[in-house]
Amino acid sequence: MKFCPKCGGVMIPTKKDGKEILKCTKCGYEMELTAKAKKEYSVKEQKDKNSRVLTTSLVSDKGERKLEEEQLEQEREEYYKEVGLELLREELSEESESDEE
């Protein structure tokens, strides 16, 4: 595996204009794919498309922001559930007190 000389990110083989190049996943730096490097990246086993699992990774700031927004939304939902339950408990306790009188 090669690393980017500029930022240290991982260099991934891609095709551009019919040529194979190495492209950095962080900064987008591109360099020529040599025969030696090509051997390092050879595919040993290829999985069927139906059996592949889609995963996500934090590659850009935009992706990080999306994860943060999702986490905030979950926390917001939990907060409102707790507040709603508290209000419901108070209301039920007030009703039970008025029934006792």
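Here, residues in each chain are numbered from 1, in the same order as that chain's written sequence. Reporting of local features is limited, given that this is a predicted model, to residues whose pLDDT is at least 70; pairs of side-chain atoms are given and counted only at 80 or more, and all residues count toward the totals for whole chains, interfaces and linings. To obtain the side-chain values, all non-hydrogen atoms of the structure were included, while hydrogens and water were left out.

Novice: Go over the overall build of the protein with me, naming the residues and quoting the values.
Specialist: Segments assigned H or I by DSSP are reported as helices when at least four residues long, segments assigned E as strands when at least two residues long, and all are numbered from the N terminus. Looking only at helices and strands, the protein features 2 helices and 3 strands. Secondary structure elements in the protein, listed N-terminal to C-terminal, are β-β-β-α-α. Categorising residues by exposure relies on relative accessible area from a 1.4 Å probe, with only protein chains included: less than 20% of the type maximum marks a residue as buried, more than 50% marks it as exposed, and the intermediate range marks it as partly exposed. Within the span of the protein, comprising 101 residues, buried residues form 8% of the whole. Residue pairs at least 24 apart in sequence account for 16% of intrachain contacts in the protein once pairs closer than 6 positions are excluded. Only the protein chains shown count as covering a residue, and every accessible area follows the Shrake-Rupley method with a 1.4 Å probe. Total accessible area computed for the protein in this model is approximately 9,500 Å², and 50% of it derives from carbon and sulfur atoms. Whether two residues are in contact is decided by their heavy atoms: any pair within 4.5 Å suffices.

Novice: Please set out the packing of aromatic side chains residue by residue, giving values where relevant.
Specialist: Any Phe, Tyr or Trp ring, taking Trp's six-membered ring, that has another such ring centre within 6.5 Å forms a pair; planes under 30 degrees apart are called stacked, those over 60 apart edge-to-face, and the others tilted. Following the criterion strictly, the structure yields 1 aromatic pair and no others. Judged by centre distance (5.5 Å) and plane angle (65°), the ring pair of Tyr79 and Tyr80 falls under edge-to-face.

Novice: Requested: an account of a nonpolar patch on the surface, with residues and values cited.
Specialist: A contiguous nonpolar patch, built from Leu85, Leu88 and Leu92 and spanning about 280 Å² of accessible area, is present on the exposed surface. On the secondary structure map, Leu88 appears in helix α2 (residues 61-100). Of the residues examined, Leu88 reaches a relative accessible area of 44% and is grouped as partly exposed. A patch consists of residues whose relative accessible area exceeds 30% and which take part in no salt bridge; residues with like charges are grouped when within 9 Å of each other, and nonpolar side chains (Val, Leu, Ile, Met, Phe, Trp, Tyr) when within 5 Å. We define a salt bridge as a side-chain nitrogen of Lys or Arg found within 4 Å of a carboxyl oxygen belonging to Asp or Glu.

Novice: So what's going on with the pattern of salt bridges? Residues and values would help.
Specialist: Considering all chains together, one arrives at 3 salt bridges under this definition. Among the ionic pairs, Glu30 bridges to Lys16, the shortest N-O distance being 3.0 Å. One end of the pair, Glu30, is in strand β3 (residues 30-32); the other, Lys16, is in strand β1 (residues 11-16), and 14 residues separate them in sequence. Between Glu73 and Arg76 there is a salt bridge, with the nearest N and O atoms lying 2.8 Å from each other. Taken together, the positions of Glu73 and Arg76, both in helix α2 and 3 residues apart, correspond to about one turn of that helix. Relative accessible area serves as the criterion here: at 37%, Glu73 is assigned to the partly exposed category. Looking at Arg76, the relative accessible area reads 40%, which means it is partly exposed.

Novice: Requested: an account of the sheet that holds β1, with residues and values cited.
Specialist: Note on pairing: two strands pair once DSSP finds at least 2 bridges between them. Read across the open sheet, the 3 strands follow the order β1-β2-β3; overall the sheet is antiparallel. Two strands in the sheet have a free side with no partner beyond their single neighbour: β1 and β3. When strand polarity is set aside, the average angle formed by the axes of neighbouring strands in this sheet is 40°. With 3 bridges connecting them, strand β2 (residues 19-24) and β3 associate as antiparallel partners. The residue of β3 that forms the bridge with Lys23 is Glu30. Helix axes use the C-alpha atoms of the stretch in contact, all axes being lines fitted to C-alpha atoms, and the angles between their N-to-C directions lie in the range 0 to 180 degrees.

Novice: So what about the environment of Met11? Which residues, and what values?
Specialist: Structurally, Met11 is set in strand β1. Residues Met11 and Glu30, 19 residues apart in the sequence, show an inter-C-alpha distance of 8.3 Å. Beyond its immediate chain neighbours, meaning those up to four positions away, Met11 contacts Lys2, Phe3, Cys4, Leu22, Lys23, Cys24, Tyr29, Met31 and Tyr41.

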